[in-house]
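Fold and contact review
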Amino acid sequence: MMTKLSYRHRGIATALMRAAEKMALERGRTLLVLDTAVEDGASRLYEGLGFNLTGVIPDYSLKPHGGLTGTMIYWKRIAAETA
């Protein structure tokens, strides 16, 4: 998922992530895993949404205009709380 630069910081990505989490719960999923680029990635967004950083794989992803960057691997448990 990527938000166009001119639409960033308007809450669009947060709304999309919350919708994705809701859909995952509706389908019985309990754990989400995602990754983002080290350079210019969405790590701040994901951490703000409660995702946990597992680690970084260096030189894993291609940058849009050439070259390599690392990727950060995140996870989040979304299981509905049980009483």
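You'll find the structure just up there.
Residues numbered from 1 in each chain as written. Predicted model: local features only at pLDDT ≥ 70, side-chain atom pairs only at ≥ 80, totals over all residues. Heavy atoms only, no water.

1. With respect to the side chain of threonine 69
Using the following cut-off: Helix and strand definitions follow DSSP, with helices as H or I runs of at least four residues and strands as E runs of at least two, each counted in order from the N terminus. When accessible area is computed with a 1.4 Å probe and restricted to protein chains, residues below 20% of their type maximum are described as buried, those above 50% as exposed, and intermediate ones as partly exposed. Here a polar contact means two N or O atoms within 3.5 Å. Within protein one must be a hydrogen donor candidate and the other an acceptor candidate, and residues neighboring in sequence count only if both atoms are side-chain atoms. Contacts were defined at the residue level, with two residues in contact if any of their heavy atoms lie within 4.5 Å.
In this structure, threonine 69 sits in strand E3 (residues 68–77). Note on threonine 69: relative accessible area 3%, which makes it buried. Only 3.3 Å separates the side chain of threonine 69 from the backbone nitrogen of glutamate 39, close enough to count as a polar contact. Residues contacting threonine 69, with those up to four places away along its chain left out, are Ala37, Val38, Glu39, Asp59, Tyr60, Ser61 and Lys63.

2. Details of the pairing of E3
For the record, the criterion: If DSSP finds at least two bridges between two strands, the strands pair.
Pairing analysis gives seven bridges linking strand E1 (residues 31–37) to E3, with the strands arranged antiparallel. Within the sheet, the bridge partner assigned to leucine 32 lies in E3 and is lysine 76. Sheet topology note: the strand E2 (residues 52–62)/E3 ladder contains seven bridges and is antiparallel. Paired with glycine 55 across the bridge in E3 is isoleucine 73. Connecting E2 to the next strand, E3, in antiparallel fashion are five residues, including glycine 66 with a positive phi near 105°.

3. Re the layout of surface pockets
The following threshold applies: Cavities and pockets are defined on a 1 Å grid built over the protein atoms alone: a cavity is a set of grid points where a 1.4 Å probe fits but cannot escape, while a pocket is an open set with protein on both sides within 12 Å along at least five of seven lines, and lining residues are those with an atom within 4 Å of any such point. Grid points are joined across faces, edges and corners, and a volume is the space filled by probe spheres set on the points. In this classification, Asp, Glu, Lys and Arg are treated as charged, Ala, Val, Leu, Ile, Met, Phe, Trp, Tyr, Cys and Pro as nonpolar, and every other residue, Gly included, as polar.
Looking at the largest pocket, its volume works out to about 910 Å³. Secondary structure elements with two or more residues in the lining of the largest pocket: helix H1 (12–26), E1, helix H2 (43–48), E2 and E3. Split by residue class, the lining of the largest pocket holds twelve nonpolar, ten polar and seven charged.

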